Amino acid sequence: MADTVTPIYGKDRILAFRLFEERTKKAATKLALQTQHTWKFEAKSDSTETKDGNINSPATATATLEIEAISSLDEVNKMLEDAVLHSKMLEVWDINLADSKGSGKYGAKYARGYLQSWEVPSEIGKLVELKTTMNVDQLPVSGEATLTSEQQKEVQYTFADTTQATE
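Description of the overall build of the protein
Across its full length, the protein holds 2 helices and 10 strands. Element order for the protein, N to C, with α for helix and β for strand: β-β-β-β-β-β-α-β-β-β-β-α. Buried positions account for 29% of the 167 residues belonging to the protein. Across the protein, contacts joining residues at least 24 apart in sequence account for 64% of those joining residues at least 6 apart.

So this is what it looks like as structure tokens:
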């Protein structure tokens, strides 16, 4: 029997961040109101001209992560802005919510690096959308990321009953 092909939807891919220096103190936190992110991999080869024609030598691939989200006054936005202003290393997880592995684990990519820009244009009549690019050290690594019940609530609110809510 042939494997079925399942498309991947952008809405199922979320980013979670943490300052590398806080990895022993805090869990990663989801970037709220994300609109899109793009992984870019590039390996420019060098070309050497010879009397017999050009030959190419392969180059090591580099990775960047472009991120766009609606700006907000939450802790993740503040942490990301501070990270670019003070050259702080970040950890990022690209978690695929459609790739459940069971026990709260999901297929994910993990990377470390530095934000190289922080752009927040403010246009009349529109939501403020931040744009940033992360230069990734080495290449992202695939694995399984854990989402706690609290982190899952950040992704989607839970059902609420019609009765009076308690705190």
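As for the side chain of arginine 18
For arginine 18, the position within the fold is in strand S1 (residues 13–19). Among the residues examined, arginine 18 registers a relative accessible area of 14% and is labelled buried. Within the structure, the side chain of arginine 18 is placed 2.9 Å from the backbone oxygen of lysine 26, a separation counted as a polar contact.

Describing the packing of aromatic side chains
Two numbers describe a pair of aromatic rings. These are the distance of the centres and the angle of the planes. Applying the stated rule across the entire model yields 2 aromatic pairs. The interplanar angle of 10° and the centroid separation of 6.2 Å between the aromatic rings of tryptophan 39 and phenylalanine 41 together place this pair among those described as stacked. Among the residues examined, tryptophan 39 registers a relative accessible area of 15% and is labelled buried. By relative accessible area, which is 46% here, phenylalanine 41 ends up partly exposed. A ring pair is formed by tryptophan 93 and tyrosine 110, whose centres lie 5.2 Å apart and whose planes are at 45°; its orientation type is tilted. Residue tryptophan 93 is found in strand S7 (residues 90–102), and its partner tyrosine 110 is found in strand S8 (residues 105–115); the two are separated by 17 residues along the sequence.

Focus on the environment of serine 57
By the secondary structure assignment, serine 57 is in strand S5 (residues 53–57). Residue classification places serine 57 among the partly exposed residues on the basis of a relative accessible area of 33%. Distance from serine 57 to lysine 44, taken between C-alpha atoms, is 9.2 Å for residues 13 residues apart in sequence. In contact with serine 57, not counting residues within four places along its chain, are Ser45 and Asp46.

What counts, and where the lines are drawn
- Residues numbered from 1 in each chain as written.
- Predicted model: local features only at pLDDT ≥ 70, side-chain atom pairs only at ≥ 80, totals over all residues.
- Heavy atoms only, no water.
- Helix = DSSP H or I, 4+ residues; strand = E, 2+ residues; numbered from the N terminus.
- Buried < 20%, exposed > 50% of the residue type's maximum accessible area, 1.4 Å probe, protein only.
- Contact = heavy atoms within 4.5 Å.
- Polar contact = N/O pair within 3.5 Å; in protein donor to acceptor, adjacent residues only side chain to side chain.
- Phe/Tyr/Trp six-rings, centres within 6.5 Å; stacked < 30°, edge-to-face > 60°.

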